[in-house]
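Remarks on the overall topology
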Amino acid sequence: MSERLTRQQIYDRIRQTSRDEFILSEMKRLGFWQTDANQPKLSEALIDKERELYQELNELSQKQRRYANKQAMLAEMRKSRLEASKKRRQETKAKNEQRRQQKAEAWKVHQQYSIGYLGEGVSGGLNQTQSNPQQLALLGLPDFRSPFQLAQAMGVSLGHLRFLAFNRTVSKISHYKRFYLPKKSGGKRLISAPMPLLKKAQYWILENILYKIPSSEAAHGFVPKKSILSNAQNHTGQDIVVNIDLKDFFPTITYHRVKGLYHKLGYSEQIATILALICTEPEVDIVKIDSQIYYTAKSIRKLPQGAPTSPAITNLICHRLDLRFQGLAQKLGFNYSRYADDLSFSGASEGSKLVGQLLWSIHKIVKDEGFVVHPEKIAVMRKGTQQRVTGIIVNEKVGIDRQMLRKFRALIHHIEQSGVQGKTWNNSKNLEASMRGYVNFVSMIKPEQGAKFKMKLDAIFGQKEKTSTSRPIKDIPPPSPPFQDSNDDDKAWWEVV
């Protein structure tokens, strides 16, 4: 039995179609209207058509009523647009928030493994991460694909590496302890001694990078198994000796030159920037404001005199200069050697006629290589006068100035008689340190005489000479050359690779 409709359901059906349509559908449902799908009756077709027209008329009437009221229509359109706009804003906001979170996560990961900024004026190349692994392998140098790998190799955190390399114009901290030492020629020399953390990083660079690159044969300063003695021995028994000093040697080598050196070795610009920043520093003014000390940079970054890496860097940067001077000396019949910023040439009597040409060529080469000759430290010493190279007499054989030895013996005698009160040596405030330094110098040239002096000083000062806590350069094994081809002996390492 068919389910009966409620009165409300009947009203709804009539409202949706028409009265006749409803009666027809009910008659069909109850079986009072015989249907034949193949032979439709006219009355039934009219009723169906009436229903379709009635529905279409209702739709048109609704549209007419809606469009008749212009304000209502505009309000409806505005509402629809606002709803769509709000939905789009919400979707955009959600997408932006998702991108922000992804970017923040990516930056967090980047900060953990890389360095993107190290201060104004030095950060431009930190996004250049392409190194030259073939060249680094040829030179026997470690390759670092990221600052994180460099920090790991140094044994420091990435945060400490960023802290050591950051270029600050004004800072409350300083990585160096600065003090002055008197020069023998008068005046003062600024020494910048690195603090322990920076010193550790610089020694790592020295032993794992700089000492693996061989210096030129002419370099004797701060080179393993070489000294002022080996430098002087190249010029003994010559008719003429020429000494020339380079002015402001370490300060002449700026941050950009040091960075260029590391880049030529094969390191990416990113790694070269970090290494160069660790090895350089600007001159600073110390300002005190409200009991707070500030260090303000007053120059570009340059090699500090006191950092363990500075001498080795100068030797590598001067490699081409040494090769040019070796070629010049060979052409004019001279010997050549260099100890830091001291250039020494010597030759037989035939070379004395070419001294003018030698000096002119030296000035030109020095200028070409970015250095400056000290105008007050050019010495031409001929046979018959006392000839010195790095403080050592070289007339016939290496020796020590006799007048200085007599003064030193006299000082020891006076101290033994009346004590150390009021006594000085070489105008130094630290009598013991200056005397032991001279004894070490004597021991290098005359070991027996140096040993006797040392015994006297031990008796005077009542203690043994303190050994240095830092690793001495002479204990570091000499670097092996990265190439063996004999045809490359007269070329710089960067020309070979």
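Residues numbered from 1 in each chain as written. Predicted model: local features only at pLDDT ≥ 70, side-chain atom pairs only at ≥ 80, totals over all residues. Heavy atoms only, no water.

1. Remarks on the pairing of strand E6 (residues 292-297)
Under the convention used in this document: When DSSP finds two or more bridges between two strands, those strands count as paired. Only DSSP runs of H or I covering at least 4 residues are called helices, and only runs of E covering at least 2 are called strands; the numbering of each starts at the N terminus.
Where strand E1 (residues 170-171) meets E6, two bridges bridge the pair, whose relative direction is antiparallel. Looking at E6, one finds that serine 171 is bridged to tyrosine 295.

2. Regarding the side chain of serine 268
As a reminder, the rule being used: Type-normalised accessible area, obtained with a 1.4 Å probe on protein chains alone, sets the label of each residue: buried when under 20%, exposed when over 50%, and partly exposed for intermediate values. Any two residues having at least one pair of non-hydrogen atoms within 4.5 Å are treated as being in contact.
Structurally, serine 268 is set in the loop between helix H11 (255-265) and helix H12 (269-279). You can call serine 268 buried: its relative accessible area is 1%. In this structure serine 268 touches Gln128, Thr129, Gln130, Ser131 and His263, once residues within four positions along its chain are discounted.

3. Section: the packing of aromatic side chains
What counts, and what does not: Only Phe, Tyr and Trp rings are paired, with Trp represented by its six-membered ring, and only when their centres lie within 6.5 Å; those with planes under 30 degrees apart are stacked, over 60 edge-to-face, the remainder tilted. Lysine NZ or arginine CZ positioned within 6 Å of the ring centre and within 35 degrees of the ring normal marks a charge as sitting over the ring.
By the definition in use, this model includes 14 aromatic pairs. For the ring pair tyrosine 336 and phenylalanine 345, a centre distance of 5.0 Å and an interplane angle of 35 degrees mean the geometry is tilted. Here tyrosine 336 and phenylalanine 345 have matching classes, each one buried. Over the aromatic face of phenylalanine 371 sits the side chain of arginine 257, whose NZ or CZ is 4.8 Å from the ring centroid.

4. Points about the nonpolar core
Test applied: Take the buried Ala, Val, Leu, Ile, Met, Phe, Trp, Tyr and Cys residues and link them wherever side-chain atoms come within 4.5 Å; each set so joined is a nonpolar core.
Judged by nonpolar contacts, the single largest core of 72 residues is most densely connected at Met154, Leu161, Ile205, Ile209, Tyr262, Phe325 and Phe345. At eight residues, H12 tops the list of elements feeding residues into this core. Listed in part, the 26 residues of the second largest apolar core include Tyr339, Ile412, Val442 and Ile445.

5. Topic: helix H16 (residues 402-418)
The criterion, for reference: The span you would expect from a helix comes to 1.5 Å times its residue count less one. The directions considered for the arc are those from the helix axis to the C-beta atoms. The term polar contact refers here to a pair of N or O atoms within 3.5 Å; inside protein, the definition further demands a hydrogen-donor-capable atom paired with an acceptor-capable atom, and it admits residues adjacent in sequence only when both atoms are side-chain atoms.
An ideal rise of 1.5 Å per residue puts 24 Å on 17 residues; H16 measures up with 24 Å between its terminal C-alpha atoms. Leu405, Phe408, Leu411, Ile412 and Ile415 are the residues of H16 that are buried. What you see down the axis of H16 is that its buried residues fit within an arc of 120 degrees, all on one side. Structural note: H16 exposes Arg402, Arg406, Gln417 and Ser418 on the side pointing more than 90 degrees away from its buried face. Lining the buried residues of H16 we find helix H17 (431-445) and helix H18 (447-461). The opening residue of H16, the one whose side-chain oxygen lies 3.1 Å from the backbone nitrogen of glutamine 403, is aspartate 401. The first or second residue beyond H16 is glycine 419, which carries a positive phi of 90 degrees.

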